[in-house]
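# Summary of structural features
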Amino acid sequence: MSEHKIVHFEEHRDDEASKLGMWLFIFTELLLFGGLFLVYSIFRMQYPTAFHESSLELSVTIGAVNTIVLLFSSMTIAMALTAIQKNDQKRALIFIGITLFCAAVFLVNKYFEWGHKIEHGLYPGSPLMPLLDRGHLLYFSLYFFMTGLHALHIIIGMTLLLVCYYKVKSKNINSQDYVLLENGALYWHLVDLIWIFLFPLMYLIT
Amino acid sequence: MDIPVPINVFNHLESKNNSKSRIIKSKYLIHIVMANNTTHTIEYITLSKILVVLMFLTFLTISVTSIHLGPLTVTVALLIASLKAFLVLSNFMHLKYESVLLRILVGMVFVLFALIIVITFIDYAFR
């Protein structure tokens, strides 16, 4: 039975299962945003002109820049995973760093975008909002709620990737054990995935 | 993963054994220790190419919106977004190289969401 014992000296880790767990969590996130997209599409169908007029208030340029920034950061975090698989700690740290920087750029853009709206008195609970007609009110409420929830996910993703950064630095994440970085990257791609749909639906209504 | 397997299953498994699993024999049980990191490594150049396609599709969405296609615009925009989502899921999220089980599960979530959308819209259309 000596060989039987050797097996138990092996580290008991199940990366496949932790990845499956992450995916199950991602499914709940997709359905959370899915519900909001459903509400959005019903009201857009009912108030097409109000939604179009309201969307003109948004800057397509800022939206497009944020789309490119997020797509780029999605690629860099995928590259960080490639680097760690290749046992290249230095590059992995650089790629996670670039991803975090892109996330910060996204949030700064969002700050200016929201700031512009708030200056014009457009924010949830403002005295101006109840004066809008139903279609405009629904658009702006959904806009703030959906992009706000998305921005919250950006902040959560940044926290997760920051943890990954320090774990890569301390070699707790290495070429033999990188499932945490893999799951962190999956979360970051989810954030990107949601934005891929938010951008044309919020900014590009004709 | 460490799976104890009765000895009489051994011959069957040995023929299917891939190089990433190790088989350890003990007196009565065979332990199959599967390699933990089975993820495929995607090269930097492949990831960059995917990004170029994603960027192109983004510009395509914006330019499609500026030419007036009427009700077709939103359909085209959503089709392009779905294509982008597919590229992100299969390449950046490594789904291309994941198990069939996971790929089916992900597909089912999107089917479920499509059903919810269709049923709700049918409800609204016949009110």
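Within each chain, residue numbers correspond to sequence positions counted from 1 in written order. Going through the entries in the order they are written, you letter the chains from A and number the ligands from 1. Restriction of local features to residues with pLDDT of at least 70 applies here, the model being predicted, together with a cutoff of 80 or more for giving and counting side-chain atom pairs; totals for whole chains, interfaces and linings are based on all residues.

## Some details on the overall build of chain A
In terms of regular secondary structure, chain A is built from seven helices and zero strands. Only DSSP runs of H or I reaching four residues or more are called helices, and only runs of E reaching two or more are called strands; each is numbered from the N terminus. Each helix (α) and strand (β) of chain A, taken in turn from the N terminus, gives the series α-α-α-α-α-α-α. Taken over C-alpha atoms, the radius of gyration is set against a globule rule of 2.2 Å times the number of residues to the power 0.38. Expected size for 206 residues packed as a compact globule is a radius of gyration near 17 Å; at 21 Å, chain A overshoots this value by more than 25%. The principal-axis extent of the C-alpha atoms belonging to chain A is close to 80 × 35 × 30 Å. Residues classed as buried in chain A amount to 34% of the 206 residues present. Across chain A, contacts joining residues at least 24 apart in sequence account for 77% of those joining residues at least 6 apart. Each residue is classified by how many other C-beta atoms fall within 10 Å of its C-beta atom, where C-beta atoms are placed from the backbone; a count of 20 or more means buried, 12 or fewer means exposed, and values in between mean partly exposed. Think of it this way: build a C-beta for each residue from its backbone, and any pair within 7 Å is a contact.

## Notes on the confidence of the model for chain B
All names here are of chain B. Residues of chain B with pLDDT of at least 70 account for 69%, and the chain-wide mean is 79. pLDDT is a residue-level measure of predictor confidence that goes from 0 to 100. Across chain B, helix α4 (residues 100–125) holds the top mean pLDDT of 93, while helix α1 (residues 10–16) sits lowest at 51. A low-confidence stretch, residues 15–20 stays under pLDDT 50, and its non-local contacts, those more than four residues away or across chains, total four contacts. Across the predicted assembly, pTM comes out at 0.84 and ipTM at 0.88.

## A look at helix α4 (residues 60–85) of chain A
Multiplying one less than the number of residues by 1.5 Å gives the expected span of a helix. Taking 1.5 Å per residue as the helical rise, α4(A) with its 26 residues ought to reach 38 Å, and the 38 Å between its terminal C-alpha atoms agrees with that figure. At the exit of α4(A) stands N87(A), carrying a positive phi of roughly 65 degrees.

## Considerations on helix α7 (residues 179–203) of chain A
Across its 25 residues, α7(A) extends 36 Å between first and last C-alpha, which sits within 8% of the 36 Å expected from 1.5 Å per residue. The largest bend in α7(A) is about 25 degrees, located at F197(A), with the proline P200(A) one to four residues further on. Fitting axes to the seven residues that end at a residue and to the seven that start at it, the angle between those axes gives the bend at that residue.

## Focus on the environment of T82(A)
You can see T82(A) is positioned in helix α4. For the pair T82(A) and L161(A), spaced 79 residues apart in sequence, the C-alpha separation works out to 15 Å. When near neighbours in sequence (up to four residues on either side) are disregarded, T82(A) contacts T41(B), I42(B), E43(B), Y44(B) and L47(B).

## A word on the nonpolar core
Of all hydrophobic cores here, the largest spans 60 residues; its most connected members are A80(A), I84(A), I96(A) and L181(A). Of all the secondary structure elements, the ones that give two or more residues to this core are α2 (15–46), α4, α5 (89–119), α6 (134–169) and α7 of chain A together with α2 (44–66) and α3 (72–92) of chain B. With 16 residues, α7(A) is the largest single contributor of residues to this core. In contact with L181(A), not counting residues within four places along its chain, are A80(A), L81(A), I84(A), C164(A), V168(A) and I173(A). Linking buried Ala, Val, Leu, Ile, Met, Phe, Trp, Tyr and Cys residues through C-beta atoms within 7 Å yields a set, and such a set is a nonpolar core.

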